[in-house]
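Residue strings, one per chain:
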Amino acid sequence: MSTGAAGSGRASLARYIGRFAPSPTGDLHIGSLVAAIGSHLEARRQGGLWRLRIEDIDALRNVPGAAERIVEMLRRLGFVWDGEIELQSRHREAHDRALAALDRAGHLFACACTRRTIAAAGADDGCCVADCRSRRLPRDGNALRFRMPEDGRALRWSDRLQGLQQAEPACYRDVVVRRRDGLIAYQLAVVVDDAALGVTDVVRGADLLGSTPWQLGLQQVLGLPTPQYAHLPLIVEPDGSKLGKSRRSLPVAGLKPAAALGAAMTLLRHTPPPDHQDWPVARFWSWAIEHWDPVRLRGLREVRLGG
Ligand code: GLU
């Protein structure tokens, strides 16, 4: 879709730009399909654009061929994105410029803590445990952390689905933005890339609810606009535990396209007509766009499979 507001004669040019940003660390599974559907339907409902960005900067976790398989699966399921597919790994220069800007703003410091020293200190995964902030360590060979702003603005936001969020300051200590191995971390890359695409609305899984304060903090210090956030319920096992690997891909890969979409829509509290499994995907999407009602998901933090 490349028309939208202007093409349909509506006056508003402040248009909605949404996106789906999978990491190619495995195939599309029921959890990521839910994020793809929710972000896509919301963009279409709002007459906006829906962009696709493959978040492939974590070279160690990328699975060869996964990006191609995700794109192929999205095509098979009838998703239509606007513009070219973005590859996050092509944006290293922009990420580096943002690092330099954080540095100029006095919000960057080197940290020598490793997984092992953090675990030995019994601290939360990811925390600095050696007060590296005040140690002026060399940048090379160490991770770089973002010093969170202290005014607390980044800890509070109104999520379009999950309501008013107030994060605990103790949980939002300085986060790694460039790893020891030189790779840019997700928190920084996602903020820079969303701003570059002009994303106005982020619709994604509630597993990323906890990342949002860091992203708000980075936007604040970098002077980037903050999109609206809407976190969809997380899909979990019937007993509430994290989705197991074997269950993750099952409902997507083995089903007819409309049946896979229907299964995901059912998890998102929508009931497709009984014969939808045999529909061509285009018919399914017309139905879904017409019936999409995100209000049903308000305050819903998780959905249990089979529940
Ligand atoms: N790449 C992230 C993931 O696959 C999603 C990033 C986002 O939506 O902000 O979990």
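These numbers were taken from a predicted model, which means no experiment stands behind them. (Residues numbered from 1 in each chain as written. Predicted model: local features only at pLDDT ≥ 70, side-chain atom pairs only at ≥ 80, totals over all residues. Heavy atoms only, no water.)

Bringing the nonpolar core into the picture now. I37, L74 and F79 are the most contacted members of the largest nonpolar core, which has 45 residues in total. Here this core gets eight residues from one element, more than from any other, and that element is helix α1 (residues 30-45). When residues no more than four places from it in sequence are discounted, the contact partners of F79 are L33, A36, I37, H40, W50, L74, L261 and W285. (Core = buried A, V, L, I, M, F, W, Y, C linked by side-chain atoms within 4.5 Å. Buried < 20%, exposed > 50% of the residue type's maximum accessible area, 1.4 Å probe, protein only. Helix = DSSP H or I, 4+ residues; strand = E, 2+ residues; numbered from the N terminus. Contact = heavy atoms within 4.5 Å.)

Another point: the site of the ligand. The local shell around the ligand consists of R19, A21, P22, S23, E55, Y186, V190, R204 and L208. Taking R204, its side chain carries an N or O atom lying 2.8 Å from an oxygen atom of the ligand. (Near = heavy atom within 4 Å. Polar contact = N/O pair within 3.5 Å; in protein donor to acceptor, adjacent residues only side chain to side chain.)

Listing the buried residues of helix α9 (residues 281-291) in full gives F284, W285, W287 and A288. All buried residues of α9 fall inside an arc of 160° around its axis, so they share one side. Facing away from the buried side of α9, by more than 90 degrees, are the exposed residues A282 and E290. Contact partners of the buried residues in α9: α1 and α8 (257-267). (Arc of directions from axis to C-beta.)

All told, the structure shown has 20 salt bridges when counted by the stated rule. Here R133 makes a salt bridge to D174, at a shortest N to O gap of 2.8 Å. A residue pair is termed long-range when its members are at least 10 positions apart, and R133 in the loop between α4 (115-120) and β5 (143-146) and D174 in the loop between β7 (163-166) and β8 (175-178) qualify at 41 residues. Between D293 and R296 there is a salt bridge; the shortest N-O distance is 3.6 Å. For R296, a relative accessible area of 41% gives the class partly exposed. Each of R19, R53, E55 and D194 takes part in one network of salt bridges that share partners. (Salt bridge = Lys/Arg side-chain N within 4 Å of Asp/Glu carboxyl O.)

With that settled, consider the packing of α1 against α8. Helix packing for two helices is described by the angle between their axes and how far apart those axes are. For the pair α1 and α8, the least separation of the axes is 9 Å and the interaxial angle reads 80°. By the angle class used here, α1 and α8 are roughly perpendicular. Between α1, through I30, L33, V34, I37 and L41, and α8, the contact on the second element is made entirely by A260, L261, A264, M265 and L267. The class makeup of the residues in the contact of α1 with α8 is ten nonpolar, no polar and no charged. (Axes fitted to C-alpha atoms, helices over the stretch in contact; angles between N-to-C directions. Parallel < 35°, antiparallel > 145°, perpendicular 65-115°, else oblique. Nonpolar A, V, L, I, M, F, W, Y, C, P; charged D, E, K, R; others polar.)

Burial along strand β4 (residues 108-111) is two-sided: the face carrying L108 and A110 and the face carrying F109 and C111 are both buried. Across four bridges, the pairing between β4 and β5 is antiparallel. The partner of F109 across the bridge, within β5, is R145. (Pairing = 2+ DSSP bridges.)

Another aspect to go through is the side chain of H270. Within the secondary structure, H270 is located in the loop between α8 and α9. Within the structure, the side chain of H270 is placed 2.8 Å from the backbone oxygen of L268, a separation counted as a polar contact. There is a polar contact of 2.9 Å between the side chain of H270 and the backbone nitrogen of D293. Setting aside its immediate chain neighbours within four residues, H270 contacts M265, W287, H291, W292, D293 and R296.

Turning next to the packing of α1 against α9. Orientation of α1 relative to α9, taken along the N-to-C sense of each, is 70°, at an axis distance of 9 Å. Put simply, α1 runs roughly perpendicular to α9. Relative to α9, the crossing made by α1 is right-handed. Residue-level inspection shows I37, H40, L41 and R44 of α1 in contact with α9, the latter providing W285, A288 and I289. For the contact of α1 with α9, the class distribution of residues is five nonpolar, one polar and one charged. (Left-handed = near helix turned anticlockwise from the far one by under 90°.)

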